[in-house]
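Okay, here's what each chain looks like letter by letter:
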Amino acid sequence: MAAAAASLLALAAVWLMGGALSGPSRAVVGPPPPELNARAVEFGGGLRGWLLRGREGGGAVVLMHGVRASRLQMLGRARFLQAAGYTVLLFDFQAHGESAGDNVTFGYLESRNARAAVEFVRASAPGERVGVIGVSLGGAAAVLAEPPLDAQALVLELVYPTIEQAVADRLAMRLGRRAAVFGPLLTAQLRPRLGFGPEALRPVARVGALAAPKLFVAGAEDRHTTIEESRQLFAAAAEPKEFWPVEGAGHEDLHALLGREYEQRILDFFGKHLRR
């Protein structure tokens, strides 16, 4: 009886954990910094963001934030890209920040948001070549979009290969490697809670369909998405592609960590592929 009670408690705890992880991550974002001269926009059925105008022919970039964050996470990137002449869209994924939505779906519904964002930029800046920077969840959403995003260059930072690996890594970080036994109990909640299974959250199975040039950025010390997992995703991708392992970096804001080095690497990459 004691063992049965303990098992029931463990199952209840895992169920509650799943609810907490998939619950919305709302936050008040507020107005954009005035020096950006940004326009507040809404598109895609309740997605909210800011559009920053660049110069004609300078290209356009869509910024996609990580899980349980908002467009504010991408503000530093928006600043240097706008200064370089790019039109920039930064927005809140569904169920994040000030956007509508009931659940975080770890890339499933967010992939539809990614497609809506690229389409919005194409309509707002006709004729511009479009790039994407997706961080963690944002990168997964960019890869999972079906059909593939109509973008000419993709920067994919700290992106998990499969949801099973992502869950196992996070459980190991918090509870030790033996906690991997709880991974299937979490991923099994996807269908009853959110209406899809773990097979829908496998960027490694989709990345080969992306024909656009891709820059994969990985943290050499990342425990949320290990460097080996990042290399796995890179290996599955079609050419043209580049891999940038950042020594000493974990699962963190790589722009904040690297500053000008990050900016120059991104500007060089987009300069090759987005400038007319």
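Presented here is an overview of the structure given in this document. (Residues numbered from 1 in each chain as written. Predicted model: local features only at pLDDT ≥ 70, side-chain atom pairs only at ≥ 80, totals over all residues. Heavy atoms only, no water.)

### Considering helix α9 (residues 227–236)
The periodicity of an α-helix, 3.6 residues per turn, causes residues three or four positions apart to be oriented the same way. Definition in use: Whether a residue is buried, partly exposed or exposed follows from its accessible area with a 1.4 Å probe, protein chains only, as a fraction of its type maximum: under 20%, in between, or over 50%, in that order. Numbering goes from the N terminus for both helices and strands, where a helix is a DSSP run of H or I of at least four residues and a strand is a run of E of at least two. As used here, the arc is the angular range of directions from the helix axis to the C-beta atoms. Whether two residues touch is decided by their heavy atoms; if any such pair falls within 4.5 Å, the residues are in contact.
The set of residues buried in α9 consists of Ile227, Glu229, Ser230 and Leu233. Each buried residue of α9 sits inside an arc of 160 degrees when the element is viewed along its axis, so together they form one side. Away from the buried face of α9 by more than 90 degrees, exposed residues Glu228 and Ala235 are located. For α9, the elements touching its buried residues are α5 (163–175), α8 (203–206), β9 (214–219) and β10 (241–246).

### Some details on the pairing of strand β7 (residues 130–135)
We apply this condition: Should DSSP find at least two bridges between two strands, the strands are taken to pair. Seen with the strands pointing away from the viewer, any crossover whose path from the first strand over the helix to the second strand runs clockwise is right-handed.
Taking burial as the measure, the 6 residues of β7 include 6 buried ones, the bulk of the element. Burial along β7 is two-sided: Val130, Val132 and Gly134 facing one way and Gly131, Ile133 and Val135 facing the other are all buried. One ladder, built from 5 bridges, connects strand β4 (residues 60–64) with β7; its direction is parallel. Residue Leu63 lies in a different strand from β7, and its bridge partner there is Ile133. Between β7 and its parallel partner strand β8 (residues 153–157), the chain crosses via helix α4 (residues 137–144), and the hand of that crossover is right-handed.

### Overview of the packing of helix α2 (residues 75–83) against helix α11 (residues 260–274)
Quick note on the threshold: For helices, the axis comes from a line fit to the C-alpha atoms of the stretch in contact; other axes are also lines fit to C-alpha atoms, and the angle between any two N-to-C directions lies between 0 and 180 degrees. Angles below 35 degrees are treated as roughly parallel, those above 145 as roughly antiparallel, those between 65 and 115 as roughly perpendicular, and all remaining angles as oblique. Handedness of a helix crossing follows the sense of rotation of the near helix relative to the far helix, less than a right angle counterclockwise being left-handed and clockwise being right-handed. Each residue is assigned to one of three groups, with Ala, Val, Leu, Ile, Met, Phe, Trp, Tyr, Cys and Pro labelled nonpolar, Asp, Glu, Lys and Arg labelled charged, and all others, Gly among them, labelled polar.
Two elements in contact, α2 and α11, have axes separated by 11 Å at closest approach and are oriented at 55 degrees. For the element pair α2 / α11, the angle class is oblique. Viewed along their axes, α2 and α11 form a crossing whose handedness is right-handed. On α11, the residues touching Arg77, Phe80 and Leu81 of α2 are Tyr262, Glu263, Ile266, Leu267 and Phe270. Among the residues forming the contact of α2 with α11, the class breakdown is 6 nonpolar, no polar and 2 charged.

### Re the packing of aromatic side chains
So the rule is basically this: Note on aromatic contacts: the rings of Phe and Tyr and the six-membered ring of Trp form a pair at centre separations within 6.5 Å, being stacked when their planes are under 30 degrees apart, edge-to-face when over 60 apart, and tilted otherwise. We count a charge as sitting over a ring when the NZ of a lysine or the CZ of an arginine lies within 6 Å of the ring centre and within 35 degrees of the ring normal.
If you walk through the whole model with that rule in mind, you get 10 aromatic pairs. Ring centres 5.1 Å apart and planes at 75 degrees place the aromatic pair Phe91 and Phe93 in the edge-to-face group. A cation sits over an aromatic face here: Lys241 above Phe234, 4.6 Å from the ring centre. When the ring centre of Tyr86 is taken as origin, the NZ or CZ atom of Arg275, which lies over that ring, is 4.1 Å away.

### Some thoughts on the side chain of Ser25
Secondary-structure assignment places Ser25 in strand β1 (residues 25–26). You can call Ser25 buried: its relative accessible area is 13%. When sequence neighbours within four positions are dropped, the list of residues in contact with Ser25 reads Arg68, Ala69, Ala95, His96, Gly97 and Val104.

### Here's the deal with empty space enclosed by the protein
The line we're drawing: Residues are said to line a cavity or pocket when one of their atoms sits within 4 Å of a point; the points come from a 1 Å grid over protein atoms alone, cavities being sets where a 1.4 Å probe fits but cannot get out and pockets being open sets with protein on both sides within 12 Å along at least five of seven lines. Grid points are joined across faces, edges and corners, and a volume is the space filled by probe spheres set on the points.
The full count for this structure, using the stated rule, is 1 cavity of 30 Å³ or more. Taken together, Leu156, Leu158, Val159, Phe216, Val217, Ala218, Ser230, Leu233 and Phe243 form the lining of the largest cavity. Those elements that provide at least two residues to the lining of the largest cavity are β9 and α9. For the lining of the largest cavity, the element with the most residues is β9, which contributes 3 residues. Along the lines of polarity and charge, the residues of the lining of the largest cavity split into 8 nonpolar, 1 polar and no charged.

### Here's the deal with the sheet that holds β8
Read from one edge to the other, the open sheet built from 8 strands follows the order β2-β3-β5-β4-β7-β8-β9-β10, with strand pairing classed as mixed. Since the sheet does not close on itself, it has two edges, and those belong to β2 (39–43) and β10, each with one partner. Within the sheet, the average angular offset between the axes of one strand and its neighbour, ignoring direction, is 20 degrees. As judged from the 4 bridges shared by strand β3 (residues 47–52) and strand β5 (residues 87–91), these two strands associate in the antiparallel manner. The partner of Trp50 across the bridge, within β5, is Leu90. Against the sheet, α11 engages β4, β7, β8, β9 and β10, with an angle of about 150 degrees to β8.

### Describing the layout of surface pockets
In this structure, the largest pocket encloses a volume near 780 Å³. Contributing to the lining of the largest pocket are 33 residues, with Leu21, Val67, Phe106, Ala166 and Arg170 lying nearest its centre. Looking at the lining of the largest pocket element by element, the count peaks at 7 residues for α5. Residues that form the lining of the largest pocket fall into these classes: 17 nonpolar, 10 polar and 6 charged.

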